[in-house]
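# A closer look at the structure
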Amino acid sequence: MISNFFSWLTNSIADIIAWFGIPHEWALNGIQNVFWVLLILLPLLIAVAYTTYAERKVIGFMQARVGPNRVGPKGLLQPFADLIKLMLKEVVIPTNANRYLFITAPLMTLIPSFAAWAVLPFTNKAVLANIDAGLLYVLAMTSLGVYGIIVAGWASNSKYAFLGALRSAAQIVAYEIAMGFALVGVLMAAGSLNLVDIVEAQAGRSFFSWYWLPLFPLFIVYFVSGVAETNRAPFDVAEGESEIVAGFHVEYSGITFALFFLAEYANMILISALTVLMFLGGWLPPVSFLDFGEVGNAFWFISKTALVLFFFLWFRATFPRYRYDQIMRLGWKVFIPITIIWIVVIGVATFYTPFGGFFH
Amino acid sequence: MTFTQLSFYLFSAVLVFSAAMVITIKNPVKAALFLVLAFVNAAFVWMTLEAEFLAIVLILVYVGAVMVLFLFVVMMLDINLDRMREGFTRYLPIGGVIAVIMLAEMIWVLQKGSFSLANMPRPEPKPDGYSNTKELGQVLYTEYVYPFEIAAIILLVAIIAAIALTLRRRPGVRRQEPSAQVAVQAEDRLRVVSMKSEQPKRGDDK
């Protein structure tokens, strides 16, 4: 019924487009892909909106406050109120700012964080593009987000924005290496770059077969680097409000500011989902008797992602901001050596000792 | 025209345009950003050739890391365009000669036919389940293992040389030692002295 309606709808839209001289087959293909993309993006946008709400509520609770409770029942419409407010505000472009780059910079951060979702499997079947080099693709997309920040800082023509951009760029480049090496460990253990294969390699009777246990150092390094990569507290010196006002987005207002905000939260959800896929068994149930089929798989994936996302909010409410030189030290002198050592441990254990099975 | 051809022409057009912009645009930051665009489009063209591993690595390494650092440096430079253009007429003849030589070389190489359609047949489409990454890894670590290792050593030497060249040891510089700062314990900084509480004498608070 639904699939019939879907094919009727896509076919008729393709027919309409075909009038403009575009081959029907291409139009149909394009329309179907757009539908699948929207099926991922719209829930993601709603998740982003409610992550901001959850963050304010959770931090409010941790600080013995109420949090937003005015708009709608229990403040549930607060994200939409914020969005409408930001959309109606004027976009101020600073004097002597580089107009085009200033406007494109928020999009440059937003697009990669959405594009990475194309290869993320929600269950073993529900994945938009099940490509072979999925892990590499994700790594490539997350490494592009830094452009928006650098360009925003430069195009704003403001010293605080510029300082924020420099801090952020140095930090992201440093932590990206640790992240990449942590993923090399996952790749060695799973023997594949395909995200579906990586999750399926973690299958076992219970959550002790997931990679968080054999790759524990890499799990910690990956997650902490993910927090640093998204410029979240305690690594949020890029927007350290006590020193450089708000960092790279100090000159942004209205919808352009909202896009930066959206990108930050979309990145948080992305990093959580990737941590779940790589180290916490993706859609696999925590114990094998809790396997409820396809719907259950999606439920486990989403609830694990939500749990990891909660840590981001918890960190923000708990830890004081790192000092900048200590961030750099942690990235270059602590995390990168740990990951390299663990890669060697995995390799040696697999080929020269009988303990190789522990990592697979 | 198939969809692959259409996308090839589209990406190539953007690639040529952005490559031309890199060398003609005045603002160095914009030039660097156009170079990024050129890299991304080159990766797309590779993708249409089914070289997905190389395409993604091009984006990951060149766009995600090298160009970020490049942009980082270019943004901080204060480039005076007038001074750069000063010697234009003086260097024009020698530059022109080099350009003509390079052009002649390129025409000569391309005319020999080694890039002709006969010598470069259309690659066979690979079957489903063919993993570019796996194939590349298998060749790199078996057939080409020595060239691969030598290249790795050369890169390592370059890294160490770059650090050695830029490392300056100046005497009398005060520096922080984060490891000592992190390792510090409360006892090192704070001494808790136990003493009897004192009764304030009457009239002391005046």
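Residues numbered from 1 in each chain as written. Chains lettered and ligands numbered in written order. Predicted model: local features only at pLDDT ≥ 70, side-chain atom pairs only at ≥ 80, totals over all residues. Heavy atoms only, no water.

## Remarks on the domain arrangement of chain B
Note the threshold: Where each domain starts and ends comes from a domain assignment, either automatic or drawn from a database.
Splitting chain B by domain gives domain 1 (1–79), domain 2 (80–120) and domain 3 (131–164). Here the C-alpha centre of domain 3 of chain B lies 31 Å away from the C-alpha centre of domain 2 of chain B.

## Points about a nonpolar patch on the surface
All names here are of chain A. Note the threshold: Exposure above 30% relative accessible area and no salt bridge define the residues that can form patches, which grow by joining like charges within 9 Å and nonpolar side chains of Val, Leu, Ile, Met, Phe, Trp and Tyr within 5 Å. Method for areas: the Shrake-Rupley scheme with a 1.4 Å probe, in which residue coverage is limited to the protein chains shown. When a carboxyl oxygen of Asp or Glu is within 4 Å of a side-chain nitrogen of Lys or Arg, the pair counts as a salt bridge. Numbering of helices and strands runs from the N terminus; a helix is a DSSP stretch of H or I covering at least four residues, while a strand is a stretch of E covering at least two.
Together, Phe-61, Met-62, Leu-307, Phe-310, Phe-311 and Trp-314 line one region of the surface with nonpolar side chains, adding up to about 600 Å² of accessible area. Elements represented by at least two residues in the nonpolar patch include exactly helix H2 (24–62) and helix H11 (293–318). The dominant element in the nonpolar patch, judged by the number of residues it contributes, is H11, at four residues. Positionally, Phe-61 belongs in helix H2.

## Considering the packing of aromatic side chains
Condition: The pairing test for Phe, Tyr and Trp rings, Trp by its six-membered ring, is centres within 6.5 Å, and the orientation test on the planes gives stacked under 30 degrees, edge-to-face over 60, and tilted for anything in between.
On inspection of all chains with the given rule, the structure shows 27 aromatic pairs over all chains. Between Phe-311 of chain A and Phe-315 of chain A, the ring centres sit 6.3 Å apart and the planes meet at 70°, which makes this aromatic pair edge-to-face. Here Phe-311 of chain A pairs with Phe-315 of chain A, and both are found in helix H11, just four residues apart, close to one helical turn. With centroids separated by 5.3 Å and ring planes inclined at 45°, the aromatic side chains of Phe-39 of chain B and Tyr-62 of chain B adopt a geometry described as tilted. Residue Phe-39 of chain B is found in helix H2 (residues 28–48), and its partner Tyr-62 of chain B is found in helix H3 (residues 52–76); the two are separated by 23 residues along the sequence.

## Some points on H2 of chain B
All names here are of chain B. What counts is decided by this rule: The span one expects for a helix is its residue count, reduced by one, times 1.5 Å. Three labels apply to residues, based on accessible area from a 1.4 Å probe with only protein chains included: buried if under 20% of the type maximum, exposed if over 50%, partly exposed otherwise in between. Each polar contact in these results corresponds to two N or O atoms within 3.5 Å; when the atoms are within protein, one needs to be able to donate a hydrogen and the other to accept it, and residues that are neighboring in sequence are counted only if both atoms are side-chain atoms.
Between its first and last C-alpha, H2 extends 30 Å over 21 residues, near the 30 Å set by a 1.5 Å rise per residue. Within H2 the residues assigned to the buried category are Val-29, Ala-31, Ala-32, Leu-33, Phe-34, Val-36, Ala-38, Val-40, Asn-41, Ala-42, Ala-43 and Val-45. Between a side-chain oxygen at the N-terminus of H2 and the backbone nitrogen of Val-29 the separation is 3.0 Å; the capping residue is Asn-27. Backbone geometry just after H2 places Glu-50 at a positive phi near 65°.

## Re the interface of chain A and chain B
To keep things clear, this is the line we draw: Note on definitions: a residue-residue contact is assigned when non-hydrogen atoms from the two residues lie within 4.5 Å. Buried area: the sum, over both parts, of the accessible surface (1.4 Å probe) that disappears when the two are put together. Think of it as three bins: nonpolar holds Ala, Val, Leu, Ile, Met, Phe, Trp, Tyr, Cys and Pro, charged holds Asp, Glu, Lys and Arg, and polar takes everything else, Gly as well.
Each side of the interface is counted separately: chain A has 27 residues, and chain B has 31 residues. The contact between chain A and chain B buries some 2,500 Å² in all, and 77% of this surface belongs to carbon and sulfur atoms. It is Trp-26, Tyr-147 and Trp-154 of chain A that lose the most area in chain A upon contact with chain B, and together they represent 24% of the buried surface on that side. Taken together, the links from chain A to chain B amount to zero salt bridges. It is helix H5 (residues 134–155) of chain A that provides the largest number of residues to the side of chain A that touches chain B, a total of eleven residues. Looking at the side of chain A that touches chain B, its residues break down into 19 nonpolar, three polar and five charged.

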